[in-house]
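The primary structure of each chain is shown beneath.
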Amino acid sequence: MTCQDARLYLDAYLDNELDVAGSLRLEQHIAACPACAQFRRESQMLRAALRNPELRYQPRLPVRSYAPPPLRGFLPQPALALVLASLLLAAGAVFLTRGVFLSRGMRQDPLVSQVLASHIRSLQPGHLTDVLSTDRHTVKPWFQGKLAFSPPVPDPPSADWTLVGGRLDYLDNRPVAALVYAWRKHTVNVFVWPSPHESREPLRQETEQGYQIMHFANAGMTWWIVSDLNAADLGDFARALAK
Amino acid sequence: LTSREKRRRFEDTVVPLSASAYNLARWLTGADQDAQDVVQESFLRAFSAFDSLRADDPRPWLLTIVRHTSFTWLKRNRPVAAWRESEELLDETPAPAANPEALMLALSDVARVRAAVESLPPDYRAAIVLREFEELSYKEIAAVTGVPIGTVMSRLARARECLKRTLEGERPK
């Protein structure tokens, strides 16, 4: 058995999914190969770390609340009625505490309309950039003294993209950095500012009035990306920034 | 089966599996509220398909529904994340860590292990969750994710190799 085979089958071996003959050959190989023996120790440690019950997510609501609604036409019984009533109460409580407006999607996020408004305003003649440069070493220092943070100015991810410049903008009740990129004739505004808390948010996207709006947070910064570019290309761009 | 009887049997056999259902949905959707929505929808689907449940162990059957519902949900609500569904991890020959101390240190930090698992493409993440947290067999994972057993084996091997490399390479904050 080669090292390559041994490492391919090791997981199945540790999972007790390898047949007896295969297991024997693997054990013989590992006994004679220090590198594969080390590989096995690391696999065992990883396994132990993944079995940590803390990694499991526990539902915050009681199990009952996931039960489906009662069947159509069933006769209410006192016990069932009680369950139903508590379900309704629980649903009501969830509704009240979470609020209808606080929400899961981005659509209700007031920032979406702010970001879009800012994007459209920037497209009016003369509003797009305060500093006009394709050089990030010109754009980034320009923000010095104008913002209380130093915004990251990522390089354009590929030759299709160009950095156009930057400007100051005002979003979420604070001054923010607006970076302007272009993909051919499409203008892309990238708004960035420090997140209020150290949070990571996965990339989300939303279509609003024909514009694509994407949002994510990582490494302590909140990012909003808006353009009339198609979702696929803008998504690639956003993912490149999120790396 | 009268409808009341069906409901009672459903509550006895399937509803107690809520924790497993929630755990998988939470890992796949990435957020509590979204996982709750997915679990609720999964239970509705499970209830209407309850008559088709033949297996002795309803857990793989329920998790199949949860996984499917999670992916449908991802495609509809997080198209960017769902793009990664078909993504393949780098196919390199697995090797021992170049820096075993760094790996060991990272493994002792639950937050880093969690972040590493979260960074896997969804189907690899599902394989890890089903194997390590739900302790399903390869055969059951194959049934839940709808791929051959060989694919389950290689996905798990690659996912674990990827986890080791991610953890070994990260510097602690």
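Draft legend 1. Examining the interface of chain A and chain B more closely. Listed per partner, the contact involves 49 residues of chain A and 58 residues of chain B. For the pair chain A and chain B, the summed buried surface comes to about 5400 Å²; carbon and sulfur atoms form 61% of the total. Joining chain A to chain B, the criterion identifies five salt bridges. In this structure, R131(B) and D15(A) form a salt bridge, with 3.2 Å as the shortest nitrogen-oxygen distance. Across the chain A-chain B interface, the total number found is 16 residue pairs in polar contact (both at pLDDT 80 or more). Within the residue set of the side of chain A that touches chain B, elements represented by two or more residues are helix 1 (3-14), helix 3 (34-50), helix 4 (78-98), strand 5 (201-208) and helix 7 (231-242) of chain A. Tallying contributions element by element places helix 3 of chain A first for the side of chain A that touches chain B, with ten residues. In terms of residue class, the side of chain A that touches chain B is made up of 25 nonpolar, nine polar and 15 charged.

Draft legend 2. How the structure looks around the pattern of salt bridges. Enumeration according to the criterion identifies 18 salt bridges over all chains in this entry. A salt bridge links E134(B) to R56(A); its shortest N-O distance comes to 3.2 Å. Here R56(A) lies in the loop between helix 3 and helix 4 and E134(B) lies in the loop between helix 8 (122-133) and helix 9 (138-145), a pairing that spans two chains. Under the relative-accessibility criterion, E134(B) is labelled buried at 4%. When its relative accessible area of 21% is taken as the criterion, R56(A) is described as partly exposed. A salt bridge links D123(B) to R155(B); its shortest N-O distance comes to 3.9 Å. Of this pair, D123(B) sits in helix 8 while R155(B) sits in helix 10 (residues 149-169), and the two are 32 residues apart along the sequence. Comparing D123(B) with R155(B) shows no difference in burial state: the two are buried. Taken together, the shared-partner salt bridges in this structure form one network comprising D11(A), D15(A), R47(A), R51(A), R131(B), E132(B) and R160(B).

Rules used in this analysis
- Residues numbered from 1 in each chain as written.
- Chains lettered and ligands numbered in written order.
- Predicted model: local features only at pLDDT ≥ 70, side-chain atom pairs only at ≥ 80, totals over all residues.
- Heavy atoms only, no water.
- Contact = heavy atoms within 4.5 Å.
- Buried area = accessible area lost by both parts, 1.4 Å probe.
- Salt bridge = Lys/Arg side-chain N within 4 Å of Asp/Glu carboxyl O.
- Polar contact = N/O pair within 3.5 Å; in protein donor to acceptor, adjacent residues only side chain to side chain.
- Helix = DSSP H or I, 4+ residues; strand = E, 2+ residues; numbered from the N terminus.
- Nonpolar A, V, L, I, M, F, W, Y, C, P; charged D, E, K, R; others polar.
- Buried < 20%, exposed > 50% of the residue type's maximum accessible area, 1.4 Å probe, protein only.

As far as function goes, none of this settles anything; it's purely spatial.
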